[in-house]
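# What the coordinates show
The residues making up each chain are set out below.
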Amino acid sequence: MSSNAAAAAASAPSSAADPNALSVEESEAVVALRERIRGSKKRGPGVEAMYTELELAKFIVVAKCDVEKAYKRFKNYHALRVKHKFCLLYTSPSPRDRG
């Protein structure tokens, strides 16, 4: 390794930045989306608490930080989530199903 390469490696941060981390603009948009949801009269209080930061960040990233576009997508998603409550039903074989 050359001395220039060694110096560059030594000056580089020891931990790389998380490539999945939100930018400052995206983080601020997530906060704004949460406030927009909270302020919605139709959604009701506490709806924004049902969603994690990561879930809301998905709407923001897809809408390219446009809070109103993200809110429209969120409304559609939330309506489907409320309308179709998904349930995973697990049934084990009963004794009569076994031979």
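These remarks concern the structure in this document. None of the values given here were measured: they were computed from a predicted structure.

### Focus on the overall build of the protein chain
Counting its secondary structure elements, the protein chain contains 4 helices and 0 strands. Traced from its N-terminal end to its C-terminal end, the protein chain shows the element sequence α-α-α-α. Relative to its 99 residues, the protein chain shows a buried fraction of 24%. In the protein chain, once contacts between residues fewer than 6 apart in sequence are set aside, the share between residues at least 24 apart is 60%. A total accessible area of about 8,000 Å² is found for the protein chain, and carbon and sulfur atoms account for 58% of it.

### Here we look at the nonpolar core
Within soluble globular proteins, side chains that are nonpolar tend to cluster in buried spots. L33, I37, L56, F59, I60, A70 and F74 are the most contacted members of the largest nonpolar core, which totals 16 residues. Listing elements by their share of this core, those giving two or more residues are α2 (24-38), α3 (53-62) and α4 (67-83). Apart from residues lying up to four places away in sequence, L33 is in contact with L56, F59, I60, V67, A70 and Y71.

### Quick look at α2
The end-to-end C-alpha separation of α2 is 21 Å, in line with the 21 Å expected for 15 residues at 1.5 Å each. Three or more residues of α2 are buried, namely E26, A29, V30, L33, R34 and I37. For α2, the angular spread of the buried residues around the axis is 145 degrees, confining them to a single face. The exposed residues of α2 that point more than 90 degrees off its buried face are V24, E25, E28 and V31. Buried residues along α2 sit in contact with α3 and α4.

### Examining the packing of α3 against α4
Two numbers describe how α3 lies on α4: the axes approach to 8 Å, and their chain directions differ by 135 degrees. Classified by the angle between their axes, α3 and α4 sit oblique to one another. For the element pair α3 and α4, the recorded crossing hand is right-handed. Side by side, α3 and α4 meet where E55, L56, F59, I60 and V62 of the first sit next to A70, R73, F74, Y77 and R81 of the second.

Cut-offs and rules
Residues numbered from 1 in each chain as written. Predicted model: local features only at pLDDT ≥ 70, side-chain atom pairs only at ≥ 80, totals over all residues. Heavy atoms only, no water. Helix = DSSP H or I, 4+ residues; strand = E, 2+ residues; numbered from the N terminus. Buried < 20%, exposed > 50% of the residue type's maximum accessible area, 1.4 Å probe, protein only. Contact = heavy atoms within 4.5 Å. Areas by Shrake-Rupley, 256 points an atom, 1.4 Å probe, with all protein chains shown as cover. Core = buried A, V, L, I, M, F, W, Y, C linked by side-chain atoms within 4.5 Å. Expected span 1.5 Å × (residues − 1). Arc of directions from axis to C-beta. Axes fitted to C-alpha atoms, helices over the stretch in contact; angles between N-to-C directions. Parallel < 35°, antiparallel > 145°, perpendicular 65-115°, else oblique. Left-handed = near helix turned anticlockwise from the far one by under 90°.

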